[in-house]
Amino acid sequence: AEGILVVAVGRDETRKLKDAVGADKEYVAEVRFGATSATDDAEGPIEEQLGAREVNREEIEALLVTQVGEIRQVPPVHSAVHVGGQRSYDLARTGRSVYLGERHVTVFSAELIDYEWPLATIRYVTGPGVYIRSLARDLGAQLGVGAYLAGLTRTRVGVFTRDVAKDFS
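A brief report on the enclosed structure follows.

The rules behind each value
- Residues numbered from 1 in each chain as written.
- Predicted model: local features only at pLDDT ≥ 70, side-chain atom pairs only at ≥ 80, totals over all residues.
- Heavy atoms only, no water.
- Salt bridge = Lys/Arg side-chain N within 4 Å of Asp/Glu carboxyl O.
- Helix = DSSP H or I, 4+ residues; strand = E, 2+ residues; numbered from the N terminus.
- Buried < 20%, exposed > 50% of the residue type's maximum accessible area, 1.4 Å probe, protein only.
- Expected span 1.5 Å × (residues − 1).
- Contact = heavy atoms within 4.5 Å.

Turning next to the pattern of salt bridges. Overall, the coordinates contain 11 salt bridges when judged by the stated rule. The partner of Arg72 in a salt bridge is Glu102, with the nearest N and O atoms 3.3 Å apart. Placement of Arg72 in strand S5 (residues 69-73) and of Glu102 in the loop between helix H4 (88-93) and strand S8 (103-116) is noted, with a sequence separation of 30 residues between them. Note on Arg72: relative accessible area 57%, which makes it exposed.

Structural data, given as structure tokens:
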């Protein structure tokens, strides 16, 4: 992932970080259909879905509508969610079975920007706590072809955009 990361220096500014964490965020996600990943992104082992049919643009757009609003979402097993006092990703790396319950999150908008099988580029605007990896995984599951998050750029956090960001690359 790349893009906007809000960083604070000093006690007073650090206290303001909670405002940024709670702000709405905008992402541009690259979703690859026809395969799944244990981590729901390109970092995990990829499993091709042999014989996966090519889905059309209209099918994706119809499902994106169902991802908008207050939705229930299951976080990726490989996430920082605490389970019994441990991070879920630590438990998953040891091969232990991890159950993460649904959470209520808000997606303000989901727009298909570009699509050519098997890659879709989708712009999401979300509230706090949304896992874009889960949105990608769920799209693939609903279409019956599998999917994972192949790339992600956070383009905005609240009022912070690339126009006001400092490039540290």
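Let's pick the thread back up.
Over its 12 residues, helix H5 (residues 132-143) extends 17 Å from the first C-alpha to the last, a length consistent with the 16 Å expected when each residue adds 1.5 Å. Most of H5 is tucked away, with 9 of its 12 residues classed as buried. Listed in full, the buried residues belonging to H5 are Ile132, Arg133, Ser134, Leu135, Ala136, Arg137, Leu139, Gly140 and Leu143. In this fold, the buried residues of H5 make contact with strand S2 (25-33), helix H3 (57-66), S5, S8, strand S9 (119-126) and strand S10 (147-157). Just downstream of H5, Gly144 is the residue with a positive phi angle, here 75 degrees.

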